[in-house]
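Spelled out from the first residue to the last, the chains are:
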Amino acid sequence: MADHLPPLAALRAFEAVARLGSFTEAAGELNLTQTAVSHQIKLLEERLNCQMFFRMNRAIALTPEGEVYLESVRPSLKALEDAGRAVKGATDGSSLSISVYPSFAARWLVPRLNRFQSQHPEISIKLDISQELEDLQTRKFDLSIRFGRGKWSGHRSTKLFDETLLPVASPTLLRDKPVTKLSDLSAHVALHDEACDGSQDGWTTWLAVAGEPDLSFAGHMTFSDSFLLLDAAVTGQGIALGRAVLIRDDLEAGRLVTLPGPHLEGTYSYWMVEPHRQTEGSNVLLFKDWLTAETRAQQMRKDAHLKLVGEGRDR
């Protein structure tokens, strides 16, 4: 095979001469002398033992053999160029493209991204917000963060957080309608997450676990995303089952407070998702290391907070 495989420089020279129809113009494009280009073409013809060009006064033309060879050389050079671009993109730390679940992006990732940027200012981050797991190969995302059971065909998943749901409300809302016992919930509007409504993560399950399956709320509002639901809770529109990962900052800032009642272990988790067989560039590895450290610290704070809340309920 090696006997019929010309040097890459000869192939580049051949393609350029054939496309431009001139040794001189090809030399200019390749930043070579005309003599060097002619040498590469001669080397190619000797290696293949056939003539590639008809040389005429002030003009050249491909021979039939040259035309056949060009049809194979052009896509091959294009494939090499694309492969080089892909490898550079995988290893070049200048950019990082991430597809993120909307509520996780708004409530958790974006408020913390400045920490990563301060550690790695050379990396430019692009966030794509989507509820669907995009084909990472097709859309060219380096990573995706998704909410689910962790099994997506063609991808490998690393768990970031398990999830706990707990009842929360704005302290402003509770000034007029305090909740000191479960029956007080009936005076409030229940805020529902459309993705969880009717599932094991919804209010129906929570009320059953709380021992109040027949409790009725004053009203109901349903939202298509947890981000909207939590905004409604913070602004006093009603009470919500908040995901501990997403409401951690709101609890610490006092925008939300927990209500009496059980804490449910969620059926879904947050996952970092990558396509199988993807070569991990240095920028991806840096982000994964940072994300793992952040999630570990968050999980420790969450566990400590839930322990304190539990102790408070036991008193």
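Residues numbered from 1 in each chain as written. Predicted model: local features only at pLDDT ≥ 70, side-chain atom pairs only at ≥ 80, totals over all residues. Heavy atoms only, no water.

J.: Could you give an account of the environment of Glu15, naming the residues involved and the relevant values?
T.: Tracing the backbone through its elements, the reader meets Glu15 in helix 1 (residues 8–20). You can call Glu15 buried: its relative accessible area is 13%. Sequence-wise, Glu15 and Tyr69 are 54 residues apart; in three dimensions their C-alpha atoms are separated by 9.7 Å. Setting aside residues no more than four positions away along its own chain, Glu15 makes contact with Leu70, Val73, Arg74 and Leu77. (Helix = DSSP H or I, 4+ residues; strand = E, 2+ residues; numbered from the N terminus. Buried < 20%, exposed > 50% of the residue type's maximum accessible area, 1.4 Å probe, protein only. Contact = heavy atoms within 4.5 Å.)

J.: Explain the nonpolar core to me, and be specific about the residues and the numbers.
T.: Counting residues in each nonpolar core, the largest one holds 37 residues, and the members touching the most others are Phe104, Leu109, Tyr270, Phe287 and Leu291. If you list the elements that add at least two residues to this core, you get strand 3 (95–100), helix 5 (102–119), strand 5 (143–148), strand 6 (155–169), helix 9 (226–234), helix 10 (244–253), strand 11 (264–275) and helix 11 (282–314). Not counting residues up to four positions away in its chain, the partners in contact with Tyr270 are Phe104, Arg146, Phe147, Thr158, Lys159, Leu160, Phe161, Glu163, Arg243, Val245 and Leu246. In this structure, Ala18, Leu30, Ile60 and Val73 belong to the second largest nonpolar core, which totals 22 residues. (Core = buried A, V, L, I, M, F, W, Y, C linked by side-chain atoms within 4.5 Å.)

J.: Residues and numbers for the pattern of salt bridges, please.
T.: As enumerated under the stated definition, the model contains 14 salt bridges in all. We note a salt bridge from Glu45 to Arg55, for which the minimum N-O separation is 3.4 Å. A residue pair is termed long-range when its members are at least 10 positions apart, and Glu45 in helix 3 (residues 34–48) and Arg55 in strand 1 (residues 53–56) qualify at 10 residues. With a relative accessible area of 14%, Glu45 lands in the buried category. Taken together, the shared-partner salt bridges connect Glu15, Arg19, Glu29 and Arg74 into one network. (Salt bridge = Lys/Arg side-chain N within 4 Å of Asp/Glu carboxyl O.)

J.: How would you explain unusual backbone geometry if you had to name every residue and give the values?
T.: Located in the positive-phi region is Asn31, a residue other than glycine, with phi close to 60 degrees. Note on placement: Asn31 falls in the loop between helix 2 (23–30) and helix 3. You can call Asn31 exposed: its relative accessible area is 70%. The phi torsion at Asn49 lies on the positive side, around 60 degrees, for a residue other than glycine. Along the chain, Asn49 turns up in the loop between helix 3 and strand 1.

J.: Give a detailed account of the pairing of strand 9 (residues 239–243), specifying residues and quantitative values.
T.: Along strand 9, 5 of the 5 residues are buried, which leaves the element largely enclosed by surrounding structure. The alternating pattern of strand 9 places Ile239, Leu241 and Arg243 and Ala240 and Gly242 on opposite faces, both of which are buried. Pairing between strand 6 and strand 9: 4 bridges, direction antiparallel. Counterpart to Leu166 in the pairing with strand 9 is Gly242. (Pairing = 2+ DSSP bridges.)

In short, the description is geometric, and any link to function would need to be established separately.
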